[in-house]
Amino acid sequence: MGTFVRIMRAIIDQYTKRRIPKASAALSYYLTMTLFPVIICLYALLGENYDRTMQILDFVEQFLSADTTMLIRRFIVHVAASNSTALLIAALTVLVTSASAAVRTLQSTIGEMQGGQRFQGLMDLLFSVIFSLAFLAAMYFAILVMLTGKGFLEFVERRLPLLHVSQAWSWMRFLVLGGIEFVILWAMYEASR
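Nothing here was measured: the structure is a model prediction, and the numbers come from that model. (Residues numbered from 1 in each chain as written. Predicted model: local features only at pLDDT ≥ 70, side-chain atom pairs only at ≥ 80, totals over all residues. Heavy atoms only, no water.)

(A) Representation of the overall build of the chain in the model. Along the chain, the regular secondary structure elements total nine helices and zero strands. In the chain, which comprises 193 residues, the share counted as buried stands at 28%. Considering only residue pairs separated by 6 or more positions, the chain has 71% of its internal contacts joining residues 24 or more positions apart. (Helix = DSSP H or I, 4+ residues; strand = E, 2+ residues; numbered from the N terminus. Buried < 20%, exposed > 50% of the residue type's maximum accessible area, 1.4 Å probe, protein only. Contact = heavy atoms within 4.5 Å.)

(B) Representation of the packing of helix α2 (residues 20-33) against helix α6 (residues 85-114) within the structure. Close contact between α2 and α6 brings their axes to 8 Å; oriented N to C, the two are set at 165 degrees. By the angle between their directions, the pair α2 and α6 is classed as roughly antiparallel. Seen along the crossing, α2 lies across α6 with a hand that is left-handed. For the pair α2 and α6, contact is made by Ile-20, Ala-23, Ala-26, Leu-27, Tyr-30, Leu-31 and Met-33 and by Val-94, Ser-98, Ala-101, Ala-102, Thr-105, Leu-106, Thr-109 and Met-113, respectively. In terms of residue class, the contact of α2 with α6 is built from twelve nonpolar, three polar and no charged. (Axes fitted to C-alpha atoms, helices over the stretch in contact; angles between N-to-C directions. Parallel < 35°, antiparallel > 145°, perpendicular 65-115°, else oblique. Left-handed = near helix turned anticlockwise from the far one by under 90°. Nonpolar A, V, L, I, M, F, W, Y, C, P; charged D, E, K, R; others polar.)

(C) How the structure looks around the packing of aromatic side chains. Across all of its chains, the model carries two aromatic pairs by this definition. Each ring, one from Tyr-29 and one from Tyr-30, has its centre 5.4 Å from the other, and the planes form 65 degrees; the classification is edge-to-face. For Tyr-30, a relative accessible area of 25% translates into the label partly exposed. (Phe/Tyr/Trp six-rings, centres within 6.5 Å; stacked < 30°, edge-to-face > 60°.)

(D) Inspection of a nonpolar patch on the surface at higher detail. Side chains of Phe-4, Val-5, Ile-7, Met-8 and Ile-11 sit close together on the surface and give an oily, nonpolar patch of about 440 Å² of accessible area. Mapped onto the elements of the fold, Phe-4 is located in helix α1 (residues 2-17). (Patch = residues over 30% accessible without salt bridge, like charges linked within 9 Å, V, L, I, M, F, W, Y side chains within 5 Å. Areas by Shrake-Rupley, 256 points an atom, 1.4 Å probe, with all protein chains shown as cover. Salt bridge = Lys/Arg side-chain N within 4 Å of Asp/Glu carboxyl O.)

(E) Representation of the environment of Glu-190 within the structure. Relative to the helices and strands, Glu-190 is located in helix α9 (residues 169-192). Residues Glu-190 and Gln-107 lie 83 residues apart in sequence; the distance between their C-alpha atoms is 9.9 Å.

(F) Here's a closer look at the packing of helix α4 (residues 50-60) against helix α5 (residues 66-81). Two elements in contact, α4 and α5, have axes separated by 11 Å at closest approach and are oriented at 170 degrees. The angle between the axes of α4 and α5 places the two elements in the roughly antiparallel class. Packed against α4, whose contacting residues are Tyr-50, Thr-53, Met-54, Leu-57 and Asp-58, the element α5 presents Thr-69, Ile-72, Arg-73, Ile-76, Val-77 and Ala-80 at the interface. When its residues are assigned to classes, the contact of α4 with α5 shows seven nonpolar, two polar and two charged.

(G) Looking closely at the environment of Thr-109. With respect to the helices and strands, the residue Thr-109 is situated in helix α6. Overall, the relative accessible area of 14% leaves Thr-109 in the buried class. For Thr-109 and Ala-23, which are 86 residues apart along the polypeptide, the C-alpha to C-alpha distance reads 6.8 Å. Setting aside residues up to four positions removed in sequence, Thr-109 forms contacts with Ile-20 and Ala-23.

(H) Summary view of the side chain of Thr-69. Secondary-structure assignment places Thr-69 in helix α5. The class of Thr-69 is buried, set by a relative accessible area of 2%. Among all residues touching Thr-69, those that are not within four sequence positions of it are Leu-57, Glu-61 and Leu-64.

(I) Region of interest: the environment of Ala-23. Structurally, the position occupied by Ala-23 is in helix α2. A residue is classified by how much of its surface remains accessible, and Ala-23, at 14% relative accessible area, is buried. When the C-alpha atoms of Ala-23 and Ser-108 are compared, they prove to be 8.6 Å apart, with 85 residues separating the residues in sequence. Among residues more than four places away in sequence, those in contact with Ala-23 are Thr-105 and Thr-109.

Structural data, given as structure tokens:
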């Protein structure tokens, strides 16, 4: 029992000493700021196809509350009605700045836990923007991997008969997504310590 209490004290000490609650709140705020820009960018990525967007939302709906789904549906209707290049540019700007702020928060927290931050000043800002762009590109790629239809995979199999991925894709895509996310987080940790 004494070992357990000692371990719990050490965890609580690190949690408060390293200001983890403050970093968590900042990270939550910055990631929340990316939600609606991500929806705008995904809508553009899907070729501004309203029906396809609604099909994806129907799938995601099973993981979200009814109020959240209704809010997202209204927002997609607004994005489809006011579709413009300026809206996409604004969404990309907010997305990159919020994502880079989230990266700086993570980097700062990891650096504090490891004894010091690797990048300071302008290098910190530059790294956070580059890493957030790479992170966003990887996320969009992961989303495309998740949304890739069986028809596309069958097309690939016809062109490359040695590949047989369409049968296993229903479960294999989750492994690919998990691998992509692991590599992103591992790279972030390695670059920040």
